[in-house]
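This is what each chain is made of:
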Amino acid sequence: MKLGMVGLPNVGKSTLFNAITNAGAQSANYPFCTIEPNVGMVSVPDERLDKLAEMYHPDKFTPATIEFVDIAGLVKGASKGEGLGNKFLSHIREVDAIIHVVRCFENDDITHVDGSIDPARDIETINLELILSDLDILTRRIDNRRKAMKGDKTIAAEVAFLERLISEMETGKTARAVEISDDEKEYLKDVALLTIKPVIYACNMGESDFIDGIEKNRYYSAVKEIAAAEGAETFPICAEMEAQIAELEPDEKQMFLEDMGLEKSGLDRLIKKSYSLLGLISYLTAGKPEVRAWTIKKGTKAPQAAGKIHTDFERGFIRAEVVSFDDLMACGSMAAAKEKGLVRSEGKEYVMNDGDIVLFRFNV
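This report concerns the structure included in the present document. Here the structure is a predicted model, which means the values were calculated and not measured. (Residues numbered from 1 in each chain as written. Predicted model: local features only at pLDDT ≥ 70, side-chain atom pairs only at ≥ 80, totals over all residues. Heavy atoms only, no water.)

### Some details on the overall build of the protein chain
Assigned secondary structure in the protein chain consists of 15 helices and 12 strands. On the principal axes, the C-alpha backbone points of the protein chain span a range of 65 × 65 × 35 Å. The buried share among the 364 residues of the protein chain stands at 48%. A sequence separation of at least 24 residues applies to 68% of the contacts in the protein chain between residues at least 6 apart. (Helix = DSSP H or I, 4+ residues; strand = E, 2+ residues; numbered from the N terminus. Buried < 20%, exposed > 50% of the residue type's maximum accessible area, 1.4 Å probe, protein only. Contact = heavy atoms within 4.5 Å.)

Now the structure itself:
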């Protein structure tokens, strides 16, 4: 999974990126200090994997990973190449989902590129640039399809859909805010639209907001309204606080979080939110050689899940021996789970569940 972090200059994007990846991206108080995207690989925290490691004492411990990309700050006119516009747009096309960092804190020492704090305006600035880029792509697409329609009348429905999509987006709507049926989504399969990507608005607040109650932050409330209208998610976070947490030892970290009234760090919460947004789950493989988590889409069947390990596993799939994590923990060992009949033999039509512990049988 690849998540792209975007935002206007000086909203706290690189500070947040540094905190959650410890990648040490240059973070200075002036625009464009992130020109090439900084990339950080982050292990997905999974307590189930930790428990399996205690049970098996494996030679290798491999959690799932997420790739975070810190994409250069952009300004008005990016779709026409202003600022770092063209680079920004090419980098954002490559990600699975967008973490849009929005400034929801006051601080006179950190200048805002537009001179004042207004999350709705900031969101509109970035969305408008992405919409303009998408409209450029859609205009070229519809021209091609109209030409093709002269010899193939079945394309008429696609052209009508593209006309409607363009018309709605010209009013300032993102593609994800437009009602699109499953059949219509097929028309966009090979069209790289930016504004159809899932979005989490990361509302960067002050530490005091978490002490006083985030709901009292009027900027946060404004972002929640915008997100609700376009089917996006919101995520309250304090980049400065995450930077402090990143430097603490595990026991100190837990105490700090408890003092702030939080159960988990921003990274843990962001990963959970991202998995949910993208419809992802993890299945686990466990044994003495390795304990490992594998990320798949909800609804994936056993052979395709096996293919994540190796294509031979999918090609020669025979069956999957499956036990749920909870059942294995309750029994204390795989042998005990088998004795109780809790290890199931599943075939090609089995749909994987989050937390399934699996041994795939295959023959090639």
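### Quick word on the side chain of Lys-197
Looking at the secondary structure, you find Lys-197 in the loop between α6 (182-187) and β6 (199-204). For Lys-197, which is buried and forms no salt bridge, the nearest opposite charge comes from Asp-96, at a distance of 6.4 Å. Among the polar contacts made by the side chain of Lys-197, one reaches the main-chain carbonyl oxygen of Arg-93 at a distance of 3.1 Å. Contacts of Lys-197, omitting those with residues within four sequence positions, involve Ile-92, Arg-93, Val-95, Asp-96, Ile-98 and Arg-176. (Lys, Arg positive; Asp, Glu negative; His and termini not counted. Salt bridge = Lys/Arg side-chain N within 4 Å of Asp/Glu carboxyl O. Polar contact = N/O pair within 3.5 Å; in protein donor to acceptor, adjacent residues only side chain to side chain.)

### Describing the packing of helix α4 (residues 119-149) against helix α5 (residues 156-169)
It is at 10 Å that the axes of α4 and α5 come closest, and there the two elements cross at 155°. As judged from the angle between their axes, α4 and α5 are roughly antiparallel. Judged by the sense of rotation from one axis to the other, the crossing of α4 with α5 is left-handed. Across from Ile-131, Asp-134, Leu-135, Leu-138, Thr-139, Arg-141, Ile-142, Arg-145, Arg-146 and Met-149 in α4, the residues of α5 making contact are Ala-156, Glu-158, Val-159, Leu-162, Glu-163, Leu-165, Ile-166 and Met-169. In terms of residue class, the contact of α4 with α5 is built from 11 nonpolar, one polar and six charged. (Axes fitted to C-alpha atoms, helices over the stretch in contact; angles between N-to-C directions. Parallel < 35°, antiparallel > 145°, perpendicular 65-115°, else oblique. Left-handed = near helix turned anticlockwise from the far one by under 90°. Nonpolar A, V, L, I, M, F, W, Y, C, P; charged D, E, K, R; others polar.)

### Topic: the pairing of strand β4 (residues 65-70)
With four bridges joining them, strand β1 (residues 2-6) and β4 adopt parallel strand pairing. Residue pairing in the sheet places Gly-4 in a bridge with Val-69 of β4. Of the pairings in the sheet, the one linking strand β2 (residues 38-43) to β4 comprises six bridges and is antiparallel in character. Bridged to Val-39 within β4 is Val-69. (Pairing = 2+ DSSP bridges.)

### Structural notes on unusual backbone geometry
You will see that Asn-10, though not glycine, has its phi angle at about 65°, which is positive. With respect to the helices and strands, the residue Asn-10 is situated in the loop between β1 and α1 (13-21). Classification of Asn-10 by relative accessible area gives buried; the value is 15%. We note that His-57 has phi near 45°; this positive angle belongs to a residue other than glycine. Here His-57 shows up in the loop between α2 (47-56) and β3 (60-62). Since its relative accessible area comes to 56%, His-57 is described here as exposed.

### Notes on the packing of aromatic side chains
Scanning the model with the defined rule gives five aromatic pairs in all. Considering the side-chain rings of Phe-313 and Phe-362, the 4.2 Å spacing of their centres and the 25° angle between planes classify their relative orientation as stacked. Residue Phe-313 is found in helix α13 (residues 311-315), and its partner Phe-362 is found in strand β12 (residues 356-362); the two are separated by 49 residues along the sequence. The exposure class assigned to Phe-362 is partly exposed, which follows from its relative accessible area of 33%. Grouping aromatic residues by their ring pairs yields a cluster made of Tyr-283, Trp-294, Phe-317 and Phe-360. Positioned over the ring face of Trp-294 is Arg-292, at 4.0 Å from the centre of the ring. (Phe/Tyr/Trp six-rings, centres within 6.5 Å; stacked < 30°, edge-to-face > 60°. Lys NZ or Arg CZ within 6 Å of the ring centre and 35° of its normal.)

### As for the pattern of salt bridges
Enumeration according to the criterion identifies 28 salt bridges in this entry. With a closest N to O distance of 3.1 Å, Arg-164 and Glu-168 form a salt bridge. Taken together, the residues span about one helical turn, with Arg-164 and Glu-168 both in helix α5 at a distance of four residues. Take Arg-164: its relative accessible area is 29%, and that puts it in the partly exposed class. With its nearest N and O atoms 3.3 Å apart, the salt bridge here joins Glu-233 to Lys-273.

### What to know about the nonpolar core
In terms of nonpolar packing, the biggest core is built from 69 residues, with Met-5, Leu-16, Leu-52, Phe-68, Ile-92, Tyr-201 and Met-241 touching the most fellow members. If sequence neighbours within four positions are ignored, Met-241 has contacts with Glu-207, Phe-210, Phe-256, Met-260 and Leu-262. Counting residues in hydrophobic clusters, the runner-up holds 18 residues, among them Leu-138, Phe-161, Leu-162 and Leu-165. (Core = buried A, V, L, I, M, F, W, Y, C linked by side-chain atoms within 4.5 Å.)

### Observations concerning the state of the cysteines
Taken as a whole and judged by the stated rule, the model has zero disulfides. Not part of a disulfide, Cys-104 finds its nearest cysteine sulfur in Cys-203, a span of 4.3 Å. (Disulfide = S-S within 2.5 Å.)

### Some points on the packing of α1 against helix α9 (residues 239-246)
Contact geometry of α1 with α9 gives a least axis separation of 8 Å together with a crossing angle of 25°. Taken together, α1 and α9 sit at an angle that is classed as roughly parallel. As α1 runs across α9, the sense of the crossing is left-handed. Residue-level inspection shows Thr-15, Leu-16 and Ala-19 of α1 in contact with α9, the latter providing Ala-239, Glu-240, Glu-242, Ala-243 and Ala-246.

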